[in-house]
Amino acid sequence: MSADGFAVPVSESKSKPHGDNRYDAIVIGAGVAGLYQLYRLRSLGLRVRILEAGSGVGGTWYWNRYPGARFDSQAYIYQYWFSETMYKEWNASERFPAQPETERWLNYVTDRCDLRKDIEFGAKVTRAAFNNSTQRWDIDTASGQRYDARYFVTCCGMLSAPLEEAFPGQMSFNGPIFHTARWPRTPVDFTGKRVGIVGTGATGIQVIQTIAGQVGQLKVFLRTPQYIIPMQNPKFSDTDREAYKALFPYLKERLPNSFSGFDFDFRYGNFADLTPERKKELLEMFWNEGTLVLWLASFPDMFTSEAVNEEISEFVRQKMRERLKDPELCRKLIPTTYGFGTHRVPLESGYLEAYHRPNVEIVEVANNPIASVVPEGIRLADGTVHEVDILILATGFDAGSGSLTRIDIRGKDGQSLKEQWNQEIRTTLGLAVHGFPNLFTTAAPLAPSAALCNMTTCLQQQVDWISDCIDFMEKKGHRVIEATKAFEDYWVDHHDRIANATLVTKTDSWYMGSNVDGKPRRLLSYIGGVGRYRRECNEVAVNEYRGFTLG
Ligand code: NAP
């Protein structure tokens, strides 16, 4: 054990297994949440197994290895906070490291905490059913293995059900099709190739700015343009690293109590109350910072006032005009139909300039949509065929709910979570679902971790809540916990009231589920703030899980 009390818990169980696959807890997913969940539950002396579909750890950072993938949370924020020793051992190379470094970091955490031996790789969970007679979960994998566990914890991530089957005819395509979240481990050679890409969200933007200079020709099939913020990504020196490492105690305390899980927060009041000079000064300051601060922590009334939102949107549009110069590019690439920040704002590096290259072409598909994929490329509704050799789908995810509805999860009366969520997406605090005892969810709908948060901050808070709850149950001798219908009703209503007061619910995006045909419309992420959400969760816990029944 080190000075900060960091110890590696061993995988000893206090409950004796009755068979190889009988566990106290089964966790799905070996990403940021799953790894910490294993660590915490093992610390309680429980017998725990992670079932992970991939062949390595990392979750999002395992699957999303597309060209240009990197995060836009600062490296010293996107961290675990349970060990100061580990925090200080890891040396980030730059402010926003790319995917390979983040994947390496999660492998380092895995090995440093000796987690790998309790992870089953290549284990894709297909079905999980609460067994009323045993009051435990029966969990099946695609390879035919059955596991039996008292607690079933899903750490599947909110963006892990990729929309891969985007168009009819994909099977007929002559070349390779890559969804960005299923990118191959071996590098793709784009030299001299005609490449088509569908999607200009945060992912598509990173791909486009990265490969524009490598491909023969790039056709960007553009439906909805994006607001952007230019990323400032300085390399870290030893002095920089020493400086951020010294902030560990401050950040550990600060992040979970902020609005969005970052170290910045609203500090200047409402935009509408400022003088024109002060507005300009602050907008320029936020813009030049090159982080998500302009979006997530500038002015609260940007999310609620159409007039304020329009003023800030126009500021960003003007910044984009200055870089794009060409009026035709401005018309195509600058958003006008929705407001800045009403869905995810990506950080970019040279994305707009990529369109100045002679080998990059925009194909507008808002009014002439993609009809199908044909052997030669993409056919639009008017019959035009765009020939390409490689097709990249940066078409996003069935977010928040998709990773769970793609598993056949059955509650205490055999009810299907998928069928319920096809009607209405509901959870209790994003941590539980009425009718599904001993199921704990992370990154699920109706919590900040479903979108509006620096993920490590919110996932650790959820894992801590779940672990404390399980610890409480074990100590008190409870076998089953279930959210009541009344408390779930309260939470859904509370969530909706806050959400519906914002402009976010007026814009179509994956935040509202509108990117998936037939998905019920509701803001996936709790938007009341990370600190407020944490207080709500703590209230439940200190009141011995008020709103839940314990048996
Ligand atoms: P996304 O934001 O949902 O974007 C999907 C894109 O595909 C959109 O441009 C969408 O157009 C387009 N699209 C989908 N179907 C289409 C169709 N039939 N025809 C034409 N266009 C179509 O997905 P994403 O870019 O993968 O990003 C998802 C989230 O992942 C982000 O919002 C972010 O939270 C996270 N992410 C983070 C980072 C980072 O931290 N740096 C990087 C990448 C992703 P419409 O807008 O018109 O629907």
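Keep in mind that what you see is a predicted model, and the values were worked out from it rather than measured.

**Comments concerning the overall build of the protein**
From N to C terminus, the protein includes 17 helices and 20 strands. Its C-alpha atoms give the protein a radius of gyration of 23 Å, within 12% of the compact-globule value 24 Å for 551 residues. Taken along the three principal axes of its C-alpha coordinates, the protein extends 70 × 60 × 50 Å. The 551 residues of the protein split such that 60% are buried. Sequence-distant contacts in the protein: of pairs separated by 6 or more residues, those separated by 24 or more amount to 72%. Charged side chains in the protein number 63 positive and 67 negative. The centres of these two groups are separated by 3 Å.

**Here's the deal with the site of the ligand**
Neighbouring the ligand are 22 residues, the closest being Arg70, Asp72, Thr203, Arg223 and Thr224. The contact in question runs from an oxygen atom of the ligand to an N or O atom on the side chain of aspartate 72, over 2.9 Å. A distance of 2.9 Å is found between an oxygen atom of the ligand and a side-chain nitrogen or oxygen belonging to tryptophan 510. In isolation the ligand has 910 Å² of accessible area, and contact with the protein removes 82% of it. Per-element accounting of the shell around the ligand gives the leading share, three residues, to helix H5 (residues 202-211). Of the residues belonging to the shell around the ligand, the class tally is 10 nonpolar, eight polar and four charged.

**Some points on the state of the cysteines**
Two cysteines whose sulfur atoms are joined by a covalent bond form what is called a disulfide. Enumeration according to the criterion identifies one disulfide in this entry. Disulfide pairing places cysteine 453 opposite cysteine 458 at an S-S distance of 1.9 Å. Between cysteine 453 and cysteine 458, the disulfide has an S-S torsion of 90° and is therefore right-handed. For cysteine 453, a relative accessible area of 9% gives the class buried. Residue cysteine 458 is classed as buried on the basis of its relative accessible area of 3%. Cysteine cysteine 156 is unpaired, with the sulfur of cysteine 155 as its nearest cysteine sulfur at 7.3 Å. Cysteine 469 carries a free sulfur, and the closest cysteine sulfur to it, the one in cysteine 537, is 11 Å from it. Its relative accessible area of 0% is what places cysteine 469 among the buried residues.

**Re unusual backbone geometry**
Phi is positive for aspartate 114, which is not a glycine, with a value near 55°. Structurally, aspartate 114 can be placed in the loop between helix H4 (99-112) and strand E3 (119-121). Exposure remark for aspartate 114: the relative accessible area of 35% places this residue in the partly exposed category. Although it is not a glycine, asparagine 438 adopts a positive phi angle of roughly 60°. Its place among the elements puts asparagine 438 in the loop between helix H14 (417-423) and strand E18 (439-441).

About the criteria used
- Residues numbered from 1 in each chain as written.
- Predicted model: local features only at pLDDT ≥ 70, side-chain atom pairs only at ≥ 80, totals over all residues.
- Heavy atoms only, no water.
- Helix = DSSP H or I, 4+ residues; strand = E, 2+ residues; numbered from the N terminus.
- Rg over C-alpha atoms; globule rule 2.2 N^0.38 Å.
- Buried < 20%, exposed > 50% of the residue type's maximum accessible area, 1.4 Å probe, protein only.
- Contact = heavy atoms within 4.5 Å.
- Lys, Arg positive; Asp, Glu negative; His and termini not counted.
- Charge placed at Lys NZ, Arg CZ, Asp CG, Glu CD.
- Near = heavy atom within 4 Å.
- Polar contact = N/O pair within 3.5 Å; in protein donor to acceptor, adjacent residues only side chain to side chain.
- Areas by Shrake-Rupley, 256 points an atom, 1.4 Å probe, with all protein chains shown as cover.
- Nonpolar A, V, L, I, M, F, W, Y, C, P; charged D, E, K, R; others polar.
- Disulfide = S-S within 2.5 Å.

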